[in-house]
Amino acid sequence: MSTVLSVTKRETGHRSTLTQLRKGGAIPAVIYGYKLDSTPISISAKEFKKSIQKNGQNSVFSLDLEGKKVNVVVSEVQQCSLKDEVNHVDFLAINMAEELEADVPIKLVGQSVGVSEGGILMQPNLELKVKVKPAELPDSIEVDISSLKVGESLTVAEIRNQTPVEVISEDDYLLVTIVAPVSAEQEEVTASVEEEQM
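In the annotation of an unreviewed UniProt entry, the entry for the protein chain reads Large ribosomal subunit protein bL25, and the organism field reads Lysinibacillus fusiformis. Turning to the protein chain, the UniProt record has this under Sequence similarities (unreviewed entry): "Belongs to the bacterial ribosomal protein bL25 family. CTC subfamily."

Engineer: Any chance you could explain the environment of glutamate 101 here in plain terms?
Structural biologist: Here glutamate 101 is to be found in strand β7 (residues 100-109). Sequence spacing of glutamate 101 and isoleucine 168 is 67 residues, and the spatial spacing of their C-alpha atoms is 8.5 Å. The contact partners of glutamate 101, leaving out residues within four places of it in the chain, are Lys129, Val130, Lys131 and Ile168.

Engineer: Explain the sheet that holds strand β4 (residues 61-65) to me, please; I cannot follow it from the model alone.
Structural biologist: Note on sheets: strands pair through backbone hydrogen bonds, and any given pair is parallel or antiparallel. Strand order in this closed barrel of six strands is β1-β3-β2-β6-β5-β4, and the pairing throughout is mixed. Across this sheet, the average inter-strand angle for adjacent strands is 45°, counted without regard to direction. Relative to strand β3 (residues 36-44), strand β2 (residues 26-33) runs antiparallel, the two sharing seven bridges. From the neighbouring strand, isoleucine 27 faces β3, where its bridge partner is isoleucine 43.

Engineer: How should the pairing of β4 be read in this particular structure?
Structural biologist: Residues in a regular strand project their side chains so that they alternate between the two faces of the sheet. Within β4, four of the five residues are buried, leaving the element largely enclosed by the surrounding structure. Examined bridge by bridge, strand β1 (residues 3-9) and β4 share five bridges and lie parallel to one another. Each bridged residue has a counterpart across the sheet, and for valine 4 the counterpart in β4 is serine 62. Examined bridge by bridge, β4 and strand β5 (residues 68-80) share five bridges and lie antiparallel to one another. Bridged to leucine 63 within β5 is valine 70.

Engineer: Please clarify how unusual backbone geometry should be interpreted in this entry.
Structural biologist: What is expected of a backbone is that most residues other than glycine have negative phi and most peptide bonds are trans. Its identity is not glycine, yet lysine 35 carries a phi of approximately 55°, on the positive side. Residue position: lysine 35 is located in the loop between β2 and β3. Phi is positive for glutamate 66, which is not a glycine, with a value near 50°. Position of glutamate 66 among the secondary structure elements: in the loop between β4 and β5. For glutamate 66, a relative accessible area of 61% corresponds to the exposed category.

Engineer: How should I be thinking about the pattern of salt bridges in this particular structure?
Structural biologist: Note on pairing: side chains with opposite charge can pair once their charged atoms come close. Scanning the model with the defined rule gives five salt bridges in all. The shortest N-O distance in the salt bridge between glutamate 142 and lysine 107 comes to 3.9 Å. Linking glutamate 142 in strand β10 (residues 141-144) with lysine 107 in strand β7, this pair joins segments that are 35 residues apart in sequence. Classification of lysine 107 by relative accessible area gives partly exposed; the value is 42%. Between arginine 160 and aspartate 171 there is a salt bridge whose closest N-O contact spans 2.7 Å. Placement of the pair is arginine 160 in the loop between α4 (156-159) and β12 (166-167) and aspartate 171 in the loop between β12 and β13 (174-179), with a sequence separation of eleven residues. What makes arginine 160 partly exposed here is its relative accessible area of 26%. You can call aspartate 171 partly exposed: its relative accessible area is 41%.

Quick notes on the rules
- Residues numbered from 1 in each chain as written.
- Predicted model: local features only at pLDDT ≥ 70, side-chain atom pairs only at ≥ 80, totals over all residues.
- Heavy atoms only, no water.
- UniProt positions renumbered as here; feature names shortened; annotations may be inferred.
- Helix = DSSP H or I, 4+ residues; strand = E, 2+ residues; numbered from the N terminus.
- Contact = heavy atoms within 4.5 Å.
- Pairing = 2+ DSSP bridges.
- Axes fitted to C-alpha atoms, helices over the stretch in contact; angles between N-to-C directions.
- Buried < 20%, exposed > 50% of the residue type's maximum accessible area, 1.4 Å probe, protein only.
- Salt bridge = Lys/Arg side-chain N within 4 Å of Asp/Glu carboxyl O.

Written out as structure tokens, the structure is:
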């Protein structure tokens, strides 16, 4: 069952209004999408944060907009880089019967053989793009890395058939790789080469 969040329509166009909203504990936001014109709203920062912590950012939320319930997913969250505060939220209104595309966090599970042998784990991409009905949208997709050795990588092609939902990221999309550790000797050689080039 989706979490119900109360929202309020807001006026647009004034920076001072947005500052007042934030000072009053609200987040400026916008809803757009299925059967809905783009509508500026505000939402309680405390309520939004609590719901995200409890349900995850990929949950379906039901927004109560002047007595009308609108099913939405969080499309984008803009955060202040200096403070741990949300500056703005985009909500996408959805049709629960139709599949949607979404970015889902990758959760690495298991202890890699390569890391145990001293290799370094690199995760170049943190999310997978999936296509799924809103009610089936996972919080994360688990990727088992326990068999990965030094010099080995995992791409979407290798995990596509193991995921519970349809992954639409490309086959060569790199999820994780285990690289060989750089020895002190190699670092010295690299440093001396760099000095010669300067």
